[in-house]
Amino acid sequence: MRPIDRYAAAVSQTLRAAVALGGELTRADWGRLTECPLWTVGDVYAHLVGGERWMAAGHPPVPPGEFQRWVDADVAARRHEPPGAVLAELADVCDEREAQLAMLPQPEMPASYPWGRPTTFEGLLRTRVLDCWVHEQDVRRAVFRPGDLGSPGARVARDVFLDSLPRIVAKRIGAQAGTTVRLTVVGEVGLDVAVAVDESGRAATLPLSEAEYPDAHATMSWEAYARLSAGRGDRADHHVWLAGDRTLGERLLAGLAVTP
């Protein structure tokens, strides 16, 4: 299966799961605050609708400097809509998007992220999977209905988080040349990876056989890693086992967030 086909299947599964979950919620659930700052469950659903409407319209460029206003506009426009109406709109746009995704464009077709950086259609669709899955989890945590932690969307999210790890180690936390960091994630979607910084200050993954004694080693659950990588919750909310240089380990945990 091509990556783009995998992303198309994952975004459909995630959105359909969100629709099914929404059908189980009460009006009180709809008003619960999520870990996405200032947004309720209903706001998250409005955001999902807006994002997929934008994709269905051909993901037109968002004017420079207007990203946050663009995000907020879809939420504000639906804030006073009945939950059933927002949910029905999400189901409708899911139908529209699935019909479009059945005839996928070429993966390398030029596109832009809504915050302006150029990408390909495949890259944009991959990011849509991440956004939709993270927000599905926002809703699930807010209404105490866990699930889909091992879904296709979760696995795409893991890949996005993992791709960012060398940059996080080398640039964001500024690990010195010769430093090796190991990250072990256990649970529904696991990983065990080491990242080393070379003499030029660049970081890359390396075989675990070459990282027997890392400078810092962090071990956590998949849900903790996903939440930290999505900027959800405080460090104190997550139980993490740290070995080696604890200061370096804490800097890693503080720098994991990759969502805009």
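Worth saying up front: this structure is predicted, and the values here are computed from it rather than measured. (Residues numbered from 1 in each chain as written. Predicted model: local features only at pLDDT ≥ 70, side-chain atom pairs only at ≥ 80, totals over all residues. Heavy atoms only, no water.)

Visitor: Could you clarify how one ought to interpret the side chain of His 47 in this entry?
Guide: Inspection of the secondary structure assignment puts His 47 in helix H3 (residues 41-56). Residue class for His 47 comes out buried when judged on its relative accessible area of 10%. A distance of 3.2 Å separates a polar atom in the side chain of His 47 from a polar atom in the side chain of Asp 131. (Helix = DSSP H or I, 4+ residues; strand = E, 2+ residues; numbered from the N terminus. Buried < 20%, exposed > 50% of the residue type's maximum accessible area, 1.4 Å probe, protein only. Polar contact = N/O pair within 3.5 Å; in protein donor to acceptor, adjacent residues only side chain to side chain.)

Visitor: I would appreciate a short explanation of the sheet that holds strand E5 (residues 203-206) in the present structure.
Guide: On the basis of which strands lie adjacent, the open sheet formed by five strands has the order E5-E4-E3-E6-E7 and mixed pairing. Since the sheet does not close on itself, it has two edges, and those belong to E5 and strand E7 (241-244), each with one partner. Strand after strand, the sheet turns through a mean of 20° between neighbouring axes, direction not considered. Where strand E4 (residues 191-197) and E5 come together, four bridges link them in antiparallel fashion. (Pairing = 2+ DSSP bridges. Axes fitted to C-alpha atoms, helices over the stretch in contact; angles between N-to-C directions.)

Visitor: Sorry, what's going on with the pattern of salt bridges here?
Guide: Pairs can form between side chains of opposite charge once their charged atoms are near each other. In the structure shown here, the tally under the stated rule is 25 salt bridges. Here Glu 89 makes a salt bridge to Arg 53, at a shortest N to O gap of 3.3 Å. Linking Glu 89 in helix H5 (residues 83-101) with Arg 53 in helix H3, this pair joins segments that are 36 residues apart in sequence. Taking the relative accessible area as the measure of exposure, Arg 53 reaches 30% and is therefore partly exposed. Among the ionic contacts, a cluster of salt bridges with common partners joins Glu 35, Asp 138, Arg 141, Arg 227 and Arg 232. (Salt bridge = Lys/Arg side-chain N within 4 Å of Asp/Glu carboxyl O.)

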